[in-house]
Amino acid sequence: MRAPTILICDDEPSLRELMRVSLSADYSFAEAAGAAEAIELLDAVHPDLVLLDVMMPGGSGLTVLEHLRSNPELRDTPVVVISAFTADRDHLAAHDAGANSFLKKPFDPEELESLVEQLLAARH
């Protein structure tokens, strides 16, 4: 059985590394530092789950999310938006764009791991 692939989209290399380290070695990872790269990787990799920052070079993470939700092959992919923006309107915007969940930065690594496990388990 192949390891689930998680696409990590964040412009901060240290945060991408923290997300990788927070999750078990049972996953494979693809990483994007900007919106355009994230969209390319979505289409190329077809990840099992996406961890998505909102503010990235080249566009909003919400644009990436809208792209994902408009693609029939990807639309059911779980997405966790991880953002420093924590206002209710930011949660609402992420939810309206199709996010499954929202974590605020700085995030609790154990909470991230638990959330990823729950979302992947719900897919199968």
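Check the entry above for the structure.
Everything quoted here is computed from the prediction, not taken from an experiment. (Residues numbered from 1 in each chain as written. Predicted model: local features only at pLDDT ≥ 70, side-chain atom pairs only at ≥ 80, totals over all residues. Heavy atoms only, no water.)

1. Focus on the nonpolar core
Inference 1: In terms of nonpolar packing, the biggest core is built from 22 residues, with Cys9, Val50, Leu52, Leu65 and Val81 touching the most fellow members.
Inference 2: Those elements that provide at least two residues to this core are strand E1 (5-9), strand E2 (28-32), helix H2 (35-45), strand E3 (49-52), helix H3 (61-70), strand E6 (79-83) and helix H4 (88-97).
Inference 3: Among the elements that take part in this core, H3 stands out by supplying four residues, more than any other.
Inference 4: When residues no more than four places from it in sequence are discounted, the contact partners of leucine 65 are Leu52, Val79, Val81, Ala94, Ala97, Gly98 and Ala99. (Core = buried A, V, L, I, M, F, W, Y, C linked by side-chain atoms within 4.5 Å. Buried < 20%, exposed > 50% of the residue type's maximum accessible area, 1.4 Å probe, protein only. Helix = DSSP H or I, 4+ residues; strand = E, 2+ residues; numbered from the N terminus. Contact = heavy atoms within 4.5 Å.)

2. Let's talk about the sheet that holds strand E7 (residues 101-104)
Think of a sheet as strands paired side by side through backbone hydrogen bonds, with each pair either parallel or antiparallel.
Inference 1: The strand order across the open sheet formed by five strands is E2-E1-E3-E6-E7, and the pairing between neighbours is parallel. A single partner strand is all that each edge strand has here, and the edge strands are E2 and E7. Neighbour-to-neighbour, the strand axes of the sheet open up by a mean angle of 20 degrees, direction not taken into account.
Inference 2: Note that E1 and E3 share four bridges and pair parallel. Bridging from a neighbouring strand, isoleucine 8 pairs with leucine 51 of E3.
Inference 3: Seen against the sheet, helix H1 (residues 13-22) touches E1, E2, E3 and E6 and runs at an angle of roughly 165 degrees to E2. (Pairing = 2+ DSSP bridges. Axes fitted to C-alpha atoms, helices over the stretch in contact; angles between N-to-C directions.)

3. Notes on the environment of histidine 95
Inference 1: Secondary-structure assignment places histidine 95 in helix H4.
Inference 2: Classification of histidine 95 as exposed rests on a relative accessible area of 55%.
Inference 3: Separated by 37 residues in the primary sequence, histidine 95 and glycine 58 place their C-alpha atoms 21 Å from one another.

4. Considering the pattern of salt bridges
Inference 1: Enumeration according to the criterion identifies six salt bridges in this entry.
Inference 2: Across the pair aspartate 10 and lysine 105 runs a salt bridge whose closest N-O atoms are separated by 2.8 Å. With aspartate 10 in the loop between E1 and H1 and lysine 105 in the loop between E7 and helix H5 (109-123), this pair connects stretches of sequence that are 95 residues apart. Of the two residues examined, aspartate 10 and lysine 105, each falls in the buried class.
Inference 3: Note that arginine 20 is salt-bridged to glutamate 31, the shortest N-O span being 2.2 Å. Taken together, the residues span a long stretch of sequence, with arginine 20 in helix H1 and glutamate 31 in strand E2 at a distance of 11 residues.
Inference 4: On the basis of relative accessible area, arginine 20 is assigned to the partly exposed category, the value being 29%.
Inference 5: For glutamate 31, a relative accessible area of 26% corresponds to the partly exposed category.
Inference 6: Put simply, Arg2, Asp48 and Arg123 are held in one network by salt bridges that share partners. (Salt bridge = Lys/Arg side-chain N within 4 Å of Asp/Glu carboxyl O.)

These results come straight from atomic positions and should not be treated as a statement about function.
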